[in-house]
Amino acid sequence: MSTRRVLTGITTTGTPHLGNYVGAIRPAIAASTVADRESFFFLADYHALIKCSDPDQVQRSTLEIAATWLALGLDTDNTVFYRQSDIPEIPELTWILNCSAAKGLMNRAHAYKAAVQSNEDAGEDPDFGVTMGLFSYPVLMAADILMFKAHDIPVGRDQIQHVEMARDIAQRFNHNFTELFVLPEARVDDNVAVLQGLDGRKMSKSYNNTIPLFEGEKKLKKAINKIKTNLLEPGEPKDPNDSTVFQLWCAFADEQGIEDMRKAFAEGIAWGEAKKQLFERVNEELAGPRAEYERLLADPGHIEQVLRQGADKARTHSAPLMAEIREAVGIRPMT
Ligand code: TRP
């Protein structure tokens, strides 16, 4: 099989939590070491501007997310790791795609439709608070993807539609002009866990139920102790399939460890004890990367340099393709 190019973006808002780690970062880094695969990972800071208008927060979050991926062992020699805003060809391509992407296609985007719906429910103007950034978000995302001729786009379910739109936009361009774009496919990995948060719902910043990734041992322990459980006493058998503690355990333990914990649940392990073991297991995996994360955060100059090098590598792909795109649409010199 020929080499597949895998590409994914991380919007730089917020600080990564355990759910991001288990659901996206850890599998992405593991997959990037597989042979016959080229991985492109980037910090989607232009996408962040759609959600966040606090400049310091955008900058801080970009730093934290870059440090997180590096601390977790991303190998920047064997991957292309860059910041979206360091690639001037991306906004340039975005405009060109805007000129052929159908507005009707954008009208159907879930995020936009949800915003309109909530305005209508509230009796507001349908477009209240809707920016052009939010509306044309999928076009920027299409440019991210098409710019690098990526085949596979690992995403969460909520992003499948955007990848399909990128495909649609690529097809239209290829048909109207020149066959320059690869048609990308969304890849949703059913084997990676969607981690439950403290209250048992999906772990998500918007539910305020997250367990921090790198905020220190104390906060990690405190969060794990806050995981909601039922009222069964020590000695009473507990149902692992109905337990956030067990679900988290499965994301960090090996097969033997999972079997042992299942047995412990049947034998009535106390919640306090199960949480203690969970904390120890999670902490064992994260302690090393956490120390590295702190070291990296204290040296933003180094991160800046890593990102610039990544951008140089990325631009060896984007600059020549952009020249072909300009040529194809007629943005050409006179002679
Ligand atoms: N929109 C994605 C998200 O919020 C992030 C993203 C931006 C992305 N550009 C991308 C993901 C390109 C995959 C490919 O999760």
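As the structure is a computational prediction, the values presented were derived from the model and not from experiment.

Caption draft 1: Expanded view of the packing of helix α1 (residues 18-31) against helix α12 (residues 271-297). Axis separation between α1 and α12 bottoms out at 13 Å; the angle between their running directions is 65°. Seen along the crossing, α1 lies across α12 with a hand that is left-handed. Taking contact as the criterion, the partners of L18, Y21 and R26 in α1 are, on α12, V282, E285 and L286. Residues that form the contact of α1 with α12 fall into these classes: four nonpolar, no polar and two charged.

Caption draft 2: Representation of the site of the ligand. Around the ligand, the surrounding shell holds 14 residues, and the nearest of these are G9, T11, Y137, D144 and Q159. At a separation of 2.7 Å, a nitrogen atom of the ligand approaches a polar side-chain atom of D144. Taken together, the elements giving at least two residues each to the shell around the ligand come down to β1 (4-11), β2 (37-44) and α7 (132-146). The residue makeup of the shell around the ligand, split by class, is eight nonpolar, five polar and one charged.

Caption draft 3: Structural context of the packing of helix α10 (residues 244-252) against α12. Contact geometry for α10 and α12: axes closest at 10 Å, N-to-C directions at 25°. In this view, α10 runs roughly parallel relative to α12, as classed from their interaxial angle. Here the hand of the crossing between α10 and α12 comes out left-handed. Packed against α10, whose contacting residues are V245, L248, W249 and F252, the element α12 presents W271, A274, K275, Q277, L278, R281, V282 and E285 at the interface. By residue class, the composition of the contact of α10 with α12 is eight nonpolar, one polar and three charged.

Caption draft 4: Inspection of the nonpolar core at higher detail. Membership of the largest hydrophobic core comes to 53 residues, with the highest contact counts inside it found for L18, W69, F81, I211, I227, L278 and I303. Among the elements of the structure, α1, β2, α3 (55-71), α9 (217-225), α10, α11 (255-266), α12 and α13 (300-329) are those that each provide at least two residues to this core. For this core, the leading source of residues is α12, giving nine residues. The residue makeup of this core includes at least three contributed by each of domain 1 (4-193 + 300-329) and domain 2 (214-295). Look past the residues within four positions of I227 in its chain and what remains in contact with it is L198, I211, T244, V245, L248, K275 and L278. If you look at the next biggest cluster of nonpolar residues, it comprises 47 residues, including I90, I96, V139 and M165.

Caption draft 5: Layout of unusual backbone geometry. Backbone geometry at D36 places phi at a positive 60°, although glycine is not the residue there. A relative accessible area of 48% places D36 in the partly exposed class.

Caption draft 6: Representation of the pairing of β2. Among the eight residues that make up β2, six are buried, leaving the element largely enclosed by the rest of the structure. Note that β1 and β2 share eight bridges and pair parallel. Following the sheet pairing, R5 is matched in β2 by E38. For the crossover that starts at β1, traverses α1 and ends in the parallel β2, the hand is right-handed.

Conventions and cut-offs
- Residues numbered from 1 in each chain as written.
- Predicted model: local features only at pLDDT ≥ 70, side-chain atom pairs only at ≥ 80, totals over all residues.
- Heavy atoms only, no water.
- Axes fitted to C-alpha atoms, helices over the stretch in contact; angles between N-to-C directions.
- Helix = DSSP H or I, 4+ residues; strand = E, 2+ residues; numbered from the N terminus.
- Left-handed = near helix turned anticlockwise from the far one by under 90°.
- Contact = heavy atoms within 4.5 Å.
- Nonpolar A, V, L, I, M, F, W, Y, C, P; charged D, E, K, R; others polar.
- Near = heavy atom within 4 Å.
- Polar contact = N/O pair within 3.5 Å; in protein donor to acceptor, adjacent residues only side chain to side chain.
- Parallel < 35°, antiparallel > 145°, perpendicular 65-115°, else oblique.
- Core = buried A, V, L, I, M, F, W, Y, C linked by side-chain atoms within 4.5 Å.
- Buried < 20%, exposed > 50% of the residue type's maximum accessible area, 1.4 Å probe, protein only.
- Domains from an automatic or database assignment.
- Pairing = 2+ DSSP bridges.
- Right-handed = clockwise from strand over helix to strand, strands pointing away.

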